[in-house]
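# Coordinate inspection notes
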Amino acid sequence: MRLGGCNLDCRWCDTPYTWDWKGVSDTGIAYRPAEELHAMDPADVARRLLAFGVGLIVISGGEPLNQQSRLEPVIRALREAEIAVEIETNGTVAPQAALAAAGIRFNVSPKLAHSGIAEKRRIVPAVLGEFTRLPGTAFKFVCATASDLEEVDALVARHSLKNIWIMPRGQSPEEIDEGIRTLADEVVGRRWNLSGRLHVTIWGSKRGV
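So, here is what we can say about the structure in this document. (Residues numbered from 1 in each chain as written. Predicted model: local features only at pLDDT ≥ 70, side-chain atom pairs only at ≥ 80, totals over all residues. Heavy atoms only, no water.)

## A closer look at the overall build of the protein chain
Heads up, the rule is: We count a stretch as a helix when DSSP gives it H or I for four or more residues in a row; a strand needs E for two or more, and each element gets its number in order from the N terminus. Throughout this description, buried means an accessible area under 20% of the type-specific maximum (1.4 Å probe, protein chains only), exposed means over 50%, and partly exposed covers the range between. Contacts were defined at the residue level, with two residues in contact if any of their heavy atoms lie within 4.5 Å. All accessibility values rest on the Shrake-Rupley procedure with a 1.4 Å probe; residue burial counts only the protein chains present in the view. Charge counting treats Lys and Arg as positive and Asp and Glu as negative, with His and both chain ends excluded. A single reference atom marks each charge: NZ on Lys, CZ on Arg, CG on Asp, CD on Glu.
Assigned secondary structure in the protein chain consists of nine helices and six strands. Each principal axis of the C-alpha distribution contributes one length, and for the protein chain these read about 45 × 40 × 35 Å. Evaluated residue by residue, the protein chain yields a buried proportion of 42% over its 209 residues. By sequence separation, contacts in the protein chain at least 24 residues apart represent 67% of the contacts at least 6 residues apart. Put simply, the protein chain shows about 11,000 Å² of open surface, and 51% of that area lies on carbon and sulfur atoms. A distance of 3 Å separates the average location of the 25 positive side-chain charges in the protein chain from that of its 26 negative side-chain charges.

Put into structure tokens, the structure is as follows:
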């Protein structure tokens, strides 16, 4: 489930249609919120998700934790149905108590300097500290080059981050393949995890898949 709206504005964002109403990302496109955002009642959202009959729902954005009060009843319905839930977040917004106690997994993706965002906006130490105390939290970093891993090294050490995943930046199968080859040796040497982007490998940059 993908939500709209974000408190950051990464220049290379691969989903600018969820937040970029002014054309500030690398696409240069000013998307129309009236076309991209569709308000729904949380109960209707829960019913639609339950109808898929799957064992895992991943909630992404945008920044999902900007909408926690609306998310809470949806997540409660999913957990009551024994469906696993993961939330993708940029790590700048702390989860409220109800979400932190819901038995869900947070995939936290702090942004690096190549996002074009000032560090004080994209790295919030107190919030990262909260996520490190939640069981199962994974920290995923989007890296463009091997030199980005040095920035990750510093963040991992400074904030005591664990369960580190590295994902290459890219929006085409060719970019992802090249990124994995570029990063693999350095990531393995650090005993971190390396992830591709399976949906991009299969469908390219197509939306709605």
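From this point, the discussion proceeds with the structure in view.
## So, the packing of aromatic side chains
To keep it simple, the criterion reads: Between the rings of Phe, Tyr and Trp (Trp by its six-membered ring), a pair exists once the centres lie within 6.5 Å; its type follows the angle of the planes, with under 30 degrees stacked, over 60 edge-to-face, and the other angles tilted.
Applying the stated criterion across every chain, the model contains two aromatic pairs. Ring geometry for Y17 against Y31: centres 6.3 Å apart, planes inclined by 70°, an arrangement best described as edge-to-face. Placement of Y17 in the segment before α1 (33-36) and of Y31 in the segment before α1 is noted, with a sequence separation of 14 residues between them. Here Y17 matches Y31 in class, with each residue buried.

## What to know about the environment of G62
Mapped onto the secondary structure, G62 falls in the loop between β1 (56-59) and α3 (68-80). In the structure, G62 is positioned 43 residues away from W19 in sequence and 6.5 Å away in space, judged by C-alpha atoms. Residues contacting G62, with those up to four places away along its chain left out, are L3, G5, C6, T15 and T18.

## Considering the sheet that holds strand β6 (residues 193-194)
Whenever strands of a sheet pair, they do so through backbone hydrogen bonds, lying parallel or antiparallel. Short version of the rule: Note on pairing: two strands pair once DSSP finds at least 2 bridges between them. For helices, the fitted line uses only the C-alpha atoms of the stretch in contact; every axis is such a line through C-alpha atoms, and the angle between N-to-C directions lies from 0 to 180 degrees.
Spatial ordering of the open sheet is given by β1-β2-β3-β4-β5-β6, a layout of six strands whose pairing is parallel. Two strands lie at the open edges of the sheet, namely β1 and β6, each paired on one side alone. Relative to strand β2 (residues 84-89), β1 runs parallel, the two being bridged by four bridges. Its bridge partner lying in β2, L56 is registered against A84. Against the sheet, α3 makes contact with β1 and β2, and its axis sits at roughly 150° relative to β2, the strand it touches most.

## Some points on the nonpolar core
Cut-off, in case you're wondering: Here, nonpolar core refers to any group of buried Ala, Val, Leu, Ile, Met, Phe, Trp, Tyr and Cys residues whose side-chain atoms link them within 4.5 Å.
In terms of nonpolar packing, the biggest core is built from 37 residues, with I87, F106, F141, V152, I164 and I166 touching the most fellow members. Filtering out sequence-adjacent residues up to four positions away, I87 remains in contact with I59, P64, L65, L71, I75, L99, I104, R105, F106 and N107. Counting eight residues, the second largest nonpolar core, distinct from the first, contains W12, C13, I117 and M167.

## Quick look at the layout of surface pockets
Filter applied, for reference: Each cavity reported here is a set of points on a 1 Å grid over the protein atoms alone in which a 1.4 Å probe fits but cannot get out, each pocket an open set with protein on both sides within 12 Å along at least five of seven lines, and each lining residue one with an atom within 4 Å of a point. Grid points are joined across faces, edges and corners, and a volume is the space filled by probe spheres set on the points.
Taken as a whole, the second largest pocket spans an internal volume of roughly 790 Å³. Around the second largest pocket sit 20 residues that line it, and M1, R2, L3, H38 and M40 are the ones nearest its centre. Counting residues per element, the ones that place at least two in the lining of the second largest pocket are α2 (42-51) and α3. At four residues, α2 tops the list of elements feeding residues into the lining of the second largest pocket.

Any link to function would need more than the numbers given here.
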